[in-house]
Amino acid sequence: VNSRKHRLEIPPPSEKDWLKEDEEDFFLLDPDRKRDVLPQPFRMINKLVMQVFESAMEIIERREMLREAQKLKVQPQKCFPTAEFQVTETANCLAVSGKYVFVGLSMGLSAFNTSDFKDVCAWDAAKTEICAIHALDLGNECHVLVAVDEMGLAWLFCFHKGSFLLIKILNEVEDISQRSTCVEVMLSLGGDYAGILLQGNTKAWLEIYQLPKDSWLTEMENSAGAVEELACRERRSSRSSEVGTFLLQGPPVSAIQANVELDAPVLLLTVRPPKPITGTSFKGPLDALKEVDDGSMLGLGYNHLIKDSQWELQEAIFCSTYQEYLEAEGVTKEEIPRYATFHFLLPSHILVGPEMKVQPDIPAGIGVHWDGNHNFCFYLLNHSLNEKVDSDLKPDVVWPCAAPIACSAVSSCSRYLALAGEDATITIWDKHLGYPLSVTAILEERFIRSIHFL
């Protein structure tokens, strides 16, 4: 007789009774189709199809969320053109002045009226392509234009009552080999001055012209009066000769104004890049002392004259000492600056002399800085027209910077000046008081290409 020593217990389930991976959600299956489970490889295909559907639903839900978030953002207002005007040729540039839009074409200029967008006048006498236009309203339906063509010539026009009047080509020369190219043009706010930056074969310079706008306006008024008087005469003669005839024909305004000769602008300043530091041209200290008239020199100065030979010797010593570093860095010899940025500046304490008479809305000077130069130079515009323009002009005021100036900007009130250096620092100057207000350093390894006041 066998007797149990231990009480009866439920045995643990064997491996064959474990739930399979495919049967974990067996309770979701249809009991009527329990025996119809898909065999392999159809079950794998079923899994792949279900994964595709789940991924598609996730993408749809994500896009719906993005669409809802986009609706909550402020949508920009879409603006559509209210009118358009057709040009006969390719339009390269345009400028707006008053109620006119001036368009530079592949063959001349065209002017359109902004009220009806109709072609008012066209100029194609020179058969040249216009690449840039600067226009300014002088008042009394008179506008001044400076257009630059494909050859780098600067054309100065006066537009009055539907007609272009060519005044002068500012950089025209008889010898074509001596011709310079205009790379930048700027008109002062009131139309009193115009500045053009010219580049030659090996040098660059800035020319400032004084525009006789008062004489232009007077001449235009006289020509308009002559046109009206001539039209009145034609009406009287037609009425006296033919009774009952109301067809009045007179010469067009453009034909009358074509004979008008306007005064040419006057070259006021010629600003050239600063010269590199060189040795003295004096043979001895006594020659230098003779040039000093105020008697503020002390000593004879025998040890204070640096000659060209000393500069050359210093450069030779430097190059021989650091030859391997110069070759590794690829250092080249300093070149003459070829580009300058300039601004017309209204009167301020640093631009107004003790006996200088200025008007608050007319520029009193210009500010210039050349590429790769540390100095911002100021030049006064009160130079006499009798002075020699081609002489070596020195700046009236110089503001030095710690790094070469990359770009600059002037506020609309012409009081504040922003200078951005190549070391990514921005300095705001108060031009009236003559000292910096703030210095801001941008992140390292950044180069500032342009700066603007808002």
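Residues numbered from 1 in each chain as written. Predicted model: local features only at pLDDT ≥ 70, side-chain atom pairs only at ≥ 80, totals over all residues. Heavy atoms only, no water.

By the naming in an unreviewed UniProt entry, the protein is WDR93 protein, taken from Thryothorus ludovicianus.

*Asks:* Got a minute to help me understand the overall build of the protein in this structure?
*Replies:* Assigned secondary structure in the protein consists of six helices and 20 strands. Pairs at least 24 apart in sequence give 49% of the contacts found in the protein among residues at least 6 apart. Per element, the accessible surface of the protein, about 32000 Å² overall, is 54% carbon and sulfur. (Helix = DSSP H or I, 4+ residues; strand = E, 2+ residues; numbered from the N terminus. Contact = heavy atoms within 4.5 Å. Areas by Shrake-Rupley, 256 points an atom, 1.4 Å probe, with all protein chains shown as cover.)

*Asks:* How should unusual backbone geometry be read in this particular structure?
*Replies:* In this structure, Ser414 is a non-glycine residue whose phi angle is positive, near 65 degrees. Inspection of the secondary structure puts Ser414 in the loop between strand 17 (405–410) and strand 18 (416–421). Taking relative accessible area as the criterion, Ser414 reaches 4% and is therefore assigned buried. The phi angle at Ala424 is positive, at roughly 65 degrees, despite the residue not being glycine. Along the chain, Ala424 turns up in the loop between strand 18 and strand 19 (425–430). What makes Ala424 buried here is its relative accessible area of 4%. (Buried < 20%, exposed > 50% of the residue type's maximum accessible area, 1.4 Å probe, protein only.)

*Asks:* Quick question: what am I supposed to make of the sheet that holds strand 5 (residues 130–139) here?
*Replies:* Strand pairing in a sheet is mediated by backbone hydrogen bonds. Such pairs are either parallel or antiparallel. If you walk across this open sheet you meet the four strands as 5-6-7-8, and the pairing is antiparallel. Whereas interior strands pair on both sides, the edge strands pair on one side only; in this sheet they are strand 5 and strand 8 (164–169). On average, each strand axis in the sheet is inclined to that of its neighbour by 25 degrees, with strand direction left out of account. With eight bridges connecting them, strand 5 and strand 6 (residues 142–149) associate as antiparallel partners. Bridge pairing links Gly139 to Cys142 in strand 6. (Pairing = 2+ DSSP bridges. Axes fitted to C-alpha atoms, helices over the stretch in contact; angles between N-to-C directions.)

*Asks:* Explanation requested: the nonpolar core in the structure shown.
*Replies:* If you look at the biggest cluster of nonpolar residues, it comprises 26 residues, and the most contacted ones within it are Val144, Leu156, Trp216 and Leu262. When contributions to this core are tallied by element, the ones reaching two or more residues are strand 5, strand 6, strand 7 (154–160), strand 8, strand 9 (181–187), strand 10 (193–199), strand 11 (204–210) and helix 2 (213–241). Ranked by residue count, the leading element in this core is strand 6, at four residues. If sequence neighbours within four positions are ignored, Leu262 has contacts with Cys158, Leu165, Ile167, Trp216, Glu219 and Met220. Membership of the second largest hydrophobic core comes to 19 residues, among which are Ala147, Trp155, Phe159 and Phe164. (Core = buried A, V, L, I, M, F, W, Y, C linked by side-chain atoms within 4.5 Å.)

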